[in-house]
Amino acid sequence: MQFTDLKAQYAALKTAIDARIQRVLDHGQYIMGPEVAEMESALAGLTGAPHCVAVASGTEALLIALLAIGLKPGDEVITTPFTFAATAEVIALLGGVPVYVDIEPDTCNIDASLVEAAISPRTRAIMPVSLYGQVADMAELNAIAGRHGLIVVEDAAQSLGASYQGRRSGNLSTLACTSFFPSKPLGCYGDGGALFTADSGLARAAREIRVHGQSGRYHHTRIGVGGRMDTLQCAVVLAKLQRFDWELERRRALGTRYGQLIAASGAPIELLGLRPDRDCVWAQYTVVLDHRAAVQQALHAAAIPSAVHYPKPLHHQPAFAAGHDPAAHPHSIRAAQRVLSLPMSADLSEADQDRVVAALVAAVESAASAQPVTV
Ligand SMILES: *Cc1c(COP(=O)(O)O)cnc(C)c1O
């Protein structure tokens with residue numbers, strides 16, 4: 001069993017993917033070929049965002065978003081400490097200061113009710129992460145941003161395809177960034193990413209920053225990066241878009257079924273909190289439990305892959321801890337100790353899912369009887 005079954009996905013889409021790749025090999029426009037604009041327009045259609053800019057990775061999308069808004073050294077950006085390092089990394093790279101706000105203990109997304117207290121005269125932006133594929137409280141975050149003149153940048157690396165109050169992730173804030181890392185809900189075969197916005201000025205800025213700040217050939221009007229996405233990777237995304245709606249449907253169904261099977265087992269496993277005004281595309285199917293190391297070891301012995309997203313909150317990471325109280329953000333600390341992600345992909349079979357849950361329940365029960373409760 002695979003944690004993310006990319007081989008089964010390729011087998012299902014082989015004809016389309018091979019044909020798309022062959023077409024690029026035939027026309028030979030490896031940089032900014034026609035597939036780049038074609039993918040951008042397809043993804044603008046998918047999210048509803050008027051502008052999509054394809055870039056080299058999800059990290060690059062976040063960096064370009066902050067360059068496009070003109071983030072300056074010393075500017076503060078409010079974000080969650082319970083995320084992949086890239087979210088805070090791009091802030092720090094530009095000399096900005098990540099200001100962490102704790103998560104809601106059940107959804108693991110940033111707690112919007114704590115954001116206002118973290119705003120200072122130096123705050124420029126709020127960067128929520130739609131973790132595990134469920135959008136954060138964007139309406140509240142946008143309202144707070146509106147009151148204080150801040151920009152909201154959604155880190156939608158895990159949530160492409162997710163809906164929130166009838167709109168799509170990527171089209172819920174001034175800027176949004178996603179990733180096509182192979183294991184994301186919509187992945188390519190290497191690195192890739194995209195930035196979304198309704199603001200045509202920001203879209204133009206992002207397009208220029210993507211190619212070294214050029215507004216015309218060899219005419220550099222601003223400081224940019226080498227941030228293009230390869231034509232070949234756009235071709236892979238275009239082929240995968242063919243059945244993306246089906247994959248999203250399938251991921252939601254498998255997520256619901258995981259929840260039902262785990263709840264029915266009666267084992268001491270907490271499910272992620274889900275809000276009624278949004279869905280989850282389960283970039284990771286993540287549960288919360290005690291004795292994680294023992295559980296993970298038992299799963300490994302049963303040949304069930306699992307992973308931890310993420311084992312340390314950012315304020316406990318050496319590169320991001322300076323100036324932060326290690327005891328702050330208790331929900332993030334607790335989640336980092338207890339989350340466990342299970343195999344998830346559109347091609348996961350119900351039979352394999354049954355095996356995962358049976359092994360998980362057995363592992364949790366034996367860990368609970370072998371060890372004293374620690375929390
Ligand atoms: C994957 C991910 C990123 C980075 O995307 P890359 O394409 O790997 O650069 C950023 N933020 C979050 C929350 C992610 O999951």
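Predicted model, so just to flag it, every value in this text is computed and none were measured.

Caption draft 1: Local environment of the overall build of the protein chain. Along the protein chain, the regular secondary structure elements total 11 helices and 14 strands. For 375 residues, the compact-globule estimate of 2.2 N^0.38 gives 21 Å, and the C-alpha radius of gyration of the protein chain, at 21 Å, lies within 12% of that figure. In terms of overall dimensions, the protein chain has a C-alpha envelope of 70 × 55 × 35 Å along the principal axes. Considering only residue pairs separated by 6 or more positions, the protein chain has 71% of its internal contacts joining residues 24 or more positions apart. Accessible surface for the protein chain amounts to roughly 14900 Å². Of this, 55% is attributable to carbon and sulfur atoms. Side chains of the protein chain give 30 positive and 36 negative charges; the mean places of these two sets differ by 4 Å.

Caption draft 2: Representation of the site of the ligand. Of all residues adjacent to the ligand, which total 16 residues, the nearest are Gly58, Thr59, Asp155, Ser179 and Lys184. Here an oxygen atom of the ligand sits 2.5 Å away from a polar atom, N or O, in the side chain of Thr59. Between the ligand and the protein, one listed contact pairs an oxygen atom with a side-chain N or O atom of Lys184 at 2.7 Å. For the shell around the ligand, the secondary-structure elements that each account for two or more residues are helix 3 (58-68) and helix 4 (86-93).

Caption draft 3: Expanded view of a nonpolar patch on the surface. Side chains of Leu25, Tyr30, Ile31 and Met32 sit close together on the surface and give an oily, nonpolar patch of about 350 Å² of accessible area. By the element assignment, Met32 lies in the loop between helix 1 (6-27) and helix 2 (34-47).

Caption draft 4: Spatial organisation of the domain arrangement of the protein chain. Taken as a whole, the protein chain is organised into domain 1 (6-242) and domain 2 (244-369). Between domain 1 and domain 2, the C-alpha centre-to-centre distance is 24 Å. Counting residues at the interface gives 43 residues for domain 1 and 34 residues for domain 2. Both sides of the domain 1 and domain 2 interface together cover about 3400 Å² of buried area, and 57% of this is carbon and sulfur. The largest per-residue losses of area from domain 1 upon contact with domain 2 belong to Tyr100, Tyr132 and Gln134, which jointly make up 22% of the total buried on that side. Taken together, domain 1 and domain 2 are joined by three salt bridges. For Asp137, the salt bridge identified is with Arg278, shortest N-O distance 2.7 Å. Counting across the interface, domain 1 meets domain 2 through 21 residue pairs in polar contact (both at pLDDT 80 or more). Only helix 1, helix 4, strand 3 (97-100), strand 6 (163-164) and helix 7 (231-241) provide two or more residues apiece to the side of domain 1 that touches domain 2.

What counts and what doesn't
Residues numbered from 1 in each chain as written. Predicted model: local features only at pLDDT ≥ 70, side-chain atom pairs only at ≥ 80, totals over all residues. Heavy atoms only, no water. Helix = DSSP H or I, 4+ residues; strand = E, 2+ residues; numbered from the N terminus. Rg over C-alpha atoms; globule rule 2.2 N^0.38 Å. Contact = heavy atoms within 4.5 Å. Areas by Shrake-Rupley, 256 points an atom, 1.4 Å probe, with all protein chains shown as cover. Lys, Arg positive; Asp, Glu negative; His and termini not counted. Charge placed at Lys NZ, Arg CZ, Asp CG, Glu CD. Near = heavy atom within 4 Å. Polar contact = N/O pair within 3.5 Å; in protein donor to acceptor, adjacent residues only side chain to side chain. Patch = residues over 30% accessible without salt bridge, like charges linked within 9 Å, V, L, I, M, F, W, Y side chains within 5 Å. Salt bridge = Lys/Arg side-chain N within 4 Å of Asp/Glu carboxyl O. Domains from an automatic or database assignment. Buried area = accessible area lost by both parts, 1.4 Å probe.

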